[in-house]
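Okay, here's what each chain looks like letter by letter:
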Amino acid sequence: ETGVTQTPRHLVMGMTNKKSLKCEQHLGHNAMYWYKQSAKKPLELMFVYSLEERVENNSVPSRFSPECPNSSHLFLHLHTLQPEDSALYLCASSQGGTGAYGYTFGSGTRLTVV
Amino acid sequence: QKEVEQNSGPLSVPEGAIASLNCTYSDRGSQSFFWYRQYSGKSPELIMFIYSNGDKEDGRFTAQLNKASQYVSLLIRDSQPSDSATYLCAVGTGANNLFFGTGTRLTVIP
């Protein structure tokens, strides 16, 4: 495996379900991110982990809960979502948390909340 | 709120022409500038980055940065149909974030 891998690629869930998105990076990077991409809107930063410590939570509702057990893995736990949470969720990693070298994105999880 | 503005397009150019994509940003303290290409249904892919005023060339791509005017552009020479995608401008301010524009959709017509 190379780069940043995300699973699952597609997810359909009901508003009362609990699910988790998984991200794994094989680049030796020390910072990982969750972004939300909705149609006609800029990529929205959700969470940043640098050296396994959460350094930013960009006013994300508590129904989204991140977890970073080590520098290579990142999870996004979902529960009691709303239809407006349907979007493409992108994981990214970088060397250093300042974004100075750009990010490498995973292929994303297309989430549909019904 | 730091803003990154792009013309959403669509921008259509004939095959072999030069495509010019523009981006402006609001934070004068911005330090790093990136162009990502995103094909439909795929994730963004980094294609160029620039840190200093002036031009930076990589193959058919040239990034141009003017910090005084707060704009960054991407030129694609000899455009190919495979260049048809959405191009995202991203700006880094040294904090734990990149700020993205909404993207410009480019269509290269064979």
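Just so it is clear, the structure is predicted and the values come from calculations on it, not from any experiment.

## Here's the deal with the pairing of strand β11 (residues 109-113) of chain A
A regular strand carries its side chains on alternate faces of the sheet.
All names here are of chain A.
Then, in step 1: Here β11 shows a clear split, with T109, L111 and V113 buried on one side and none of R110 and T112 buried on the other.
Then, in step 2: Two elements, strand β2 (residues 10-13) and β11, share four bridges in a ladder whose sense is parallel. Each bridged residue has a counterpart across the sheet, and for M13 the counterpart in β11 is V113.
Then, in step 3: Note: strand β9 (residues 87-94) against β11, three bridges, orientation antiparallel. What sits directly across from Y89, in β11, is T109.

## Quick word on the pattern of salt bridges
Then, in step 1: Inspection of the entire model under this criterion finds five salt bridges over all chains.
Then, in step 2: D85 of chain A is the partner of R63 of chain A in a salt bridge, and the nearest nitrogen-oxygen pair spans 2.7 Å. Taken as a pair, R63 of chain A in the loop between β6 (53-57) and β7 (64-70) and D85 of chain A in the loop between β8 (73-79) and β9 lie far apart in primary sequence, 22 residues in all.
Then, in step 3: Take D85 of chain A: its relative accessible area is 2%, and that puts it in the buried class.
Then, in step 4: For the salt bridge of R37 of chain B with E45 of chain B, the shortest nitrogen-to-oxygen distance reads 3.0 Å.
Then, in step 5: Residue R37 of chain B is classed as buried on the basis of its relative accessible area, which comes to 13%.

What counts, and where the lines are drawn
Residues numbered from 1 in each chain as written. Chains lettered and ligands numbered in written order. Predicted model: local features only at pLDDT ≥ 70, side-chain atom pairs only at ≥ 80, totals over all residues. Heavy atoms only, no water. Buried < 20%, exposed > 50% of the residue type's maximum accessible area, 1.4 Å probe, protein only. Helix = DSSP H or I, 4+ residues; strand = E, 2+ residues; numbered from the N terminus. Pairing = 2+ DSSP bridges. Salt bridge = Lys/Arg side-chain N within 4 Å of Asp/Glu carboxyl O.

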